[in-house]
Amino acid sequence: MVNRSHKRAATSDAQLSRTELKTFRRSALSLAVAAALPGAALTLPAASLAQESADEPEFMEEVTVTGYRRSLQNSMALKQTSESIIEAVSAEDIGKLPDFSIAESLARLPGLTAQRLNGRGQVISVRGLSPDFTTALLNGREQVSTGDNRGVEFDQYPSDLLQSVLVYKTPDAQLIGQGLAGTADMRTVRPLAHGQQTINAGIRYEWTEQDALNAGSADDGERITLSYIDQFANDTVGVAVGFSHMSNPSQEERYNAWGYATSPNGDLVLGGAKPFVRSGELERQGVIGILEYQPSDTFSTAIDVYYSEFEETQQLSGIEIPLEWGGATLMPGETVENGLVTSGTYDNVVNVVRNDIDRRDADLTAIGWNMQFDLANDWYLETDLSHSSVDREDRLAESYAGTGNPANPNPVTDTVGFALGTSGAVFDTNINYADPNRIVLTSPRGWGGDVVPGGQLGYLNNPNIEDDLNAIRVNIGKALDGVISSMEFGVNYQTREKEKIADEFFPALANPASCLLADVDGNCLEAPIPNVTGTTDLSFLGIPGMVAYDPLALYFSPTYSLTRNPNGDVAIKSWTVEEDVALAYAQFGLDTELGGIPVTGNFGVQVVYTDQSSIAVAASGTGSGFTGVPNTGGKDYTEVLPSFNLTFDFGNENYVRFAGARTLARPRMDDMRASGTWSYNPDNEDSTDINNSPWGGDLGNPEIDPWIANAVDLSYEKYFEDGLGYFALGVFYKDLDSYIFTDTVVADFTGFPVPPGQNPALSAGLVTAPENGTGGDISGVEVAVQIEGGLFTEALDGFGAVVNASFTDSSIEPNPGDPSEPIPGLSEEIINATLYYENEFFGARVSSRYRSEFRGEVSGFGAGREFRNVDEETVVDAQLSYFFSGRLEGLSAYLQGYNLTDEPFRTITEGDPRQVIDYQSYGRWYMIGLSYTTQ
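Residues numbered from 1 in each chain as written. Predicted model: local features only at pLDDT ≥ 70, side-chain atom pairs only at ≥ 80, totals over all residues. Heavy atoms only, no water.

*Asks:* What am I meant to see in the sheet that holds strand β9 (residues 182–187) here?
*Replies:* The strands making up a sheet are joined through hydrogen bonds of the backbone, oriented either antiparallel or parallel. Strand order in the open sheet made by the 5 strands is β3-β8-β9-β6-β7, with mixed pairing throughout. Of all the strands in the sheet, the pair left with one neighbour each is β3 (86–90) and β7 (141–142). In this structure, β3 lies alongside strand β8 (residues 164–168), joined through 5 bridges in antiparallel fashion. Residue pairing in the sheet places I86 in a bridge with Y168 of β8. (Pairing = 2+ DSSP bridges. Helix = DSSP H or I, 4+ residues; strand = E, 2+ residues; numbered from the N terminus.)

Written out as structure tokens, the structure is:
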């Protein structure tokens with residue numbers, strides 16, 4: 001029986017006849033992934049493949065290639081035999097991919113790149129489009145996201161539980177959940193296709209170059225991997241189970257600027273800064289279980305379950321330094337270079353000593369049940385049920401301290417010098433911020449004084465996300481002889497609901513053991529720090545140190561009392577978005593000749609019906625003046641998405657691929673929210689001019705249409721003899737019919753409350769909201785070379801290189817009329833290179849990935865998302881491996897280094913490299929480990 005759960009085949013043989021290749025491509029995920037399975041030799045067929053209906057076994061002559069080279073050849077085989085234009089990455093062994101997450105492995109593929117968060121790759125961009133344009137699948141099933149939107153955060157998926165990842169740059173009609181930029185399909189092992197018992201165990205110790213920057217934080221960790229694959233009952237039952245544990249430390253020195261203000265002299269000057277050191281620890285447990293049952297040649301079924309538990313704790317200690325925007329005084333004698341104050345001194349500075357804790361707990365579950373039936377007359381039927389869900393809870397706890405409260409009759413201020421550099425600013429202070437007798441718990445700036453007396457002593461932000469997706473798919477198909485080589489028809493129905501809940505609080509001093517200052521009402525404004533844990537070194541900023549303490553201990557003690565933030569800007573952060581998507585498709589295979597050139601491929605169409613809606617609150621005012629109005633909205637739409645993929649076989653393993661498709665990407669969740677702020681101006685009660693309406697606001701748009709693009713791809717691929725590499729050159733062009741940007745539009749405020757006695761002449765007003773507009777285009781060139789030294793001479797056997805580059809250009813304007821702002825995620829140049837050597841005992845490789853500057857999405861004020869210009873970066877990592885033989889055969893040892901050049905993450909503003917907003921230095925990571933596989 002042929003497993004047809006995915007028609008994405010894999011083999012390394014380029015000498016198959018067109019009929020054989022057509023048959024092989026119609027084979028299942030079991031064959032597609034078989035080439036990527038550990039312990040399965042890369043096979044070169046010595047005779048033609050048996051037909052699907054044949055009962056006789058296939059006889060194969062095996063040429064075994066192991067280690068990293070096997071991984072490369074497996075990926076190349078997946079690429080060569082796919083009907084679509086794809087990129088692929090395969091695990092070289094069960095339980096061993098050399099990256100923190102699968103995002104880093106994907107970032108080495110042509111046209112793909114990753115954005116780092118806390119030093120590790122988290123989200124990917126495909127062909128210059130942001131992560132929201134790429135859909136993530138697990139075994140062909142769409143996945144939810146732990147983030148606030150759709151872009152999947154790949155650090156949730158342990159790379160050591162995945163066997164391969166295929167990134168489809170051109171879709172076909174039966175690819176469910178296809179993305180506008182691309183579709184990343186993460187695949188796990190299939191035990192019956194694996195065909196043998198395999199037990200794997202791996203352990204890895206890792207550590208950071210930097211010592212622990214915060215007291216009590218970890219600078220080392222470990223990874224443990226266990227997996228078991230087996231077959232029973234005469235190979236009718238297959239079982240695979242896997243477990244992955246990771247404790248990943250990280251240490252970071254981070255500079256962050258508020259921004260750049262205008263000085264009294266008219267020059268740009270640093271408005272303020274929030275630099276700190278961060279110590280993080282990521283704990284992740286992943287479990288996977290797969291059960292297959294194939295009692296006959298006409299029926300098979302498989303259930304797979306994936307679960308991961310993701311816990312990350314970050315300690316952040318630093319001093320917030322308000323300068324121009326903090327009311328401090330710029331002293332005479334500053335240095336000005338081309339309109340920017342590069343050094344100077346501020347007097348009357350009131351700094352804020354901050355000890356913060358950020359925690360994230362996220363649980364991800366994915367379950368799938370697939371059944372396949374072979375029917376009469378070569379028809380087949382497949383059903384698939386799936387569930388994907390995420391439950392995420394964040395706790396972002398800030399705690400403030402300083403030299404005193406603004407109400408103190410004897411205020412203590414600082415004189416702060418600063419000097420700008422390529423890594424931000426270095427400061428010179430006069431106060432010893434490491435002295436616990438001088439620094440007290442208080443609100444040094446009086447922030448939040450309109451809510452709590454004397455001001456807030458920090459901030460507690462607890463956003464929660466729940467994302468739930470359920471789907472059912474049914475498809476039926478038949479293999480044919482002739483120009484139309486196959487046909488398949490299917491339907492897919494899925495429901496998704498994503499809910500974000502914001503819960504935020506102001507802390508104040510409640511019952512401290514000793515109150516140093518109280519107001520006339522008895523509210524305590526200053527208190528000693530009760531739980532000093534030591535001193536945090538801030539010398540990278542020019543500040544010797546600051547007092548350190550545990551902020552969570554304060555939140556869970558009687559010291560703090562909490563007042564829920566009553567302001568409208570918090571209420572609008574909560575929303576629910578729901579989607580029902582019904583999809584029908586038809587796809588036909590092709591097997592013909594054109595001018596004597598063999599042509600294979602497919603063509604088809606998807607019809608997608610979407611019904612979307614949102615429930616939230618539209619808010620106005622703050623504090624006691626807050627008014628919330630329940631708000632709903634939504635729409636439904638139908639899109640027709642044709643596609644085709646053609647492969648021209650010019651012989652001698654030379655292929656030209658031509659593909660075209662109309663694709664869509666559903667809007668970001670925060671664009672679809674029904675929440676927003678609104679205002680009413682009673683002075684305009686009688687106005688009938690929409691430009692002077694009493695109504696205004698900033699709203700989401702549940703009635704927004706998706707992004708739509710028409711795309712064409714053309715590529716040439718040459719595969720070298722004996723699987724020793726390939727060369728590929730491709731061009732692509734995407735014309736976006738529709739793009740989403742922020743615009744000023746008319747909104748209806750009928751039913752919204754008005755002040756007593758008001759009867760506005762207009763019920764509509766102008767608001768800013770996400771809207772659809774003309775998209776523009778994006779185009780690019782991609783080139784890739786994978787080559788082994790043995791292609792040239794036996795003396796170079798074992799040496800090899802993988803090099804690829806992408807050059808992308810776009811006319812898309814996220815803010816229409818402002819060509820200076822690039823689209824998020826677009827790096828115009830991406831270059832990746834890996835050099836390696838490997839023999840039966842030893843392996844070594846070094847990899848470098850470069851991406852030019854781009855506009856990235858980062859966490860901003862209040863944990864909101866902001867876009868900033870990220871500077872170019874080059875990340876280098878390396879690995880040494882040793883493979884034991886004899887009685888220890890199956891055991892391997894390896895040493896890995898990541899971010900070996902200590903590449904920073906750097907953002908700037910106004911295109912001026914001197915105006916640094918973020919400068920994050922992560923240091924180097926090292927890992928040493930053992931892996932043992934028995935088969």
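*Asks:* Help me out: how do you make sense of the nonpolar core in this one?
*Replies:* One broad trend across soluble globular proteins is that nonpolar side chains are buried collectively. Of all hydrophobic cores here, the largest spans 54 residues; its most connected members are L106, I124, F133, F154, V165, M186 and Y306. Beyond its immediate chain neighbours, meaning those up to four positions away, M186 contacts I102, A136, L137, L138, N139, F154, Y157, L162, S164 and V165. With 48 residues, the next largest nonpolar core counts L213, L340, I431 and Y555 among its residues. (Core = buried A, V, L, I, M, F, W, Y, C linked by side-chain atoms within 4.5 Å. Buried < 20%, exposed > 50% of the residue type's maximum accessible area, 1.4 Å probe, protein only. Contact = heavy atoms within 4.5 Å.)

*Asks:* Teacher, can you tell me more about the side chain of E206 here?
*Replies:* Along the chain, the position of E206 falls in strand β10 (residues 198–208). Of note is the side chain of E206, whose polar atom sits 2.9 Å from the side chain of R223. (Polar contact = N/O pair within 3.5 Å; in protein donor to acceptor, adjacent residues only side chain to side chain.)

*Asks:* Just checking my understanding: could you explain the pattern of salt bridges for this structure?
*Replies:* Side chains carrying opposite charge are able to pair once their charged atoms draw close together. Applying the stated criterion to the full structure yields 43 salt bridges. When the shortest N-O distance is used, the salt bridge between D797 and R69 registers 3.6 Å. Note that D797 is positioned in the loop between β42 (776–788) and β43 (799–810) and R69 in helix α3 (residues 67–81), a separation of 728 residues in sequence. Here R354 makes a salt bridge to E398, at a shortest N to O gap of 3.1 Å. In this pair, R354 sits in strand β19 (residues 352–374) while E398 sits in strand β20 (residues 379–402), placing the two residues 44 residues apart along the sequence. By sharing partners, the salt bridges in this structure join K79, E87, R127, K169, R657, D713, E717 and E782 into a single network. (Salt bridge = Lys/Arg side-chain N within 4 Å of Asp/Glu carboxyl O.)

*Asks:* Can you walk me through the packing of aromatic side chains in this structure?
*Replies:* Geometry of an aromatic ring pair is reported as the spacing of the ring centres plus the angle between the planes. Counted according to the given criterion, the structure contains 26 aromatic pairs. Arranged with centres 6.0 Å apart and planes meeting at 40°, the rings of W678 and W695 form a pair that is tilted. Highlighted residues: W678 in strand β37 (residues 676–680) and W695 in strand β38 (residues 695–699), separated in sequence by 17 residues. We classify W695 as buried; its relative accessible area is 5%. Pairing W695 with F752 gives two aromatic rings, centres 6.5 Å apart and planes at 80°, and the pair type is edge-to-face. On the criterion of sequence distance, the pair formed by W695 in strand β38 and F752 in the loop between β40 (725–748) and β41 (764–773) is long-range, its members being 57 residues apart. Judged on exposure class, the residue W695 and its partner F752 are both buried. Here the aromatic cluster, defined as three or more aromatic residues joined through ring pairs, consists of W678, Y680, W695, F749 and F752. When the ring centre of F732 is taken as reference, the NZ or CZ atom of R127 above it lies at 4.2 Å. (Phe/Tyr/Trp six-rings, centres within 6.5 Å; stacked < 30°, edge-to-face > 60°. Lys NZ or Arg CZ within 6 Å of the ring centre and 35° of its normal.)

*Asks:* How should I be thinking about the environment of V802 in this particular structure?
*Replies:* Tracing the sequence through the fold places V802 in strand β43. Judged by relative accessible area, V802 falls into the buried class, the value being 16%. Residues V802 and I787, 15 residues apart in the sequence, show an inter-C-alpha distance of 6.6 Å. In contact with V802, not counting residues within four places along its chain, are L72, V785, Q786, N832, A833, T834 and Y836.

*Asks:* Any chance you could explain the state of the cysteines here in plain terms?
*Replies:* In a disulfide, the sulfur atoms of two cysteines are covalently bonded to one another. Taken as a whole, this structure holds 1 disulfide when the rule is applied. At a sulfur-sulfur separation of 2.3 Å, the disulfide partner of C515 is C524. Negative torsions about the S-S bond denote left-handed disulfides, and the value of about 115° found for C515 with C524 makes this one right-handed. By relative accessible area, C515 is classed as partly exposed at 37%. Take C524: its relative accessible area is 9%, and that puts it in the buried class. (Disulfide = S-S within 2.5 Å.)

*Asks:* Teacher, can you tell me more about the environment of A215 here?
*Replies:* With respect to the helices, strands and loops of the structure, A215 is situated in the loop between β10 and β11 (220–232). When its relative accessible area of 42% is taken as the criterion, A215 is described as partly exposed. Separated by 100 residues in sequence, A215 and Q315 place their C-alpha atoms 9.0 Å apart. What A215 contacts, discounting residues up to four positions off in sequence, is Q315 and T533.

*Asks:* Can you walk me through the pairing of strand β4 (residues 112–117) in this structure?
*Replies:* Looking along a regular strand, one sees the side chains alternate between the two faces of the sheet. The buried fraction of β4 is high, at 5 of 6 residues. For β4 and strand β5 (residues 120–126), the ladder comprises 6 bridges, and the chain directions are antiparallel. Across the sheet, residue R116 finds its bridge partner in β5, namely G121. In sequence, β4 turns back onto β5 through a hairpin of 2 residues, with N118 there showing a positive phi of about 55°.

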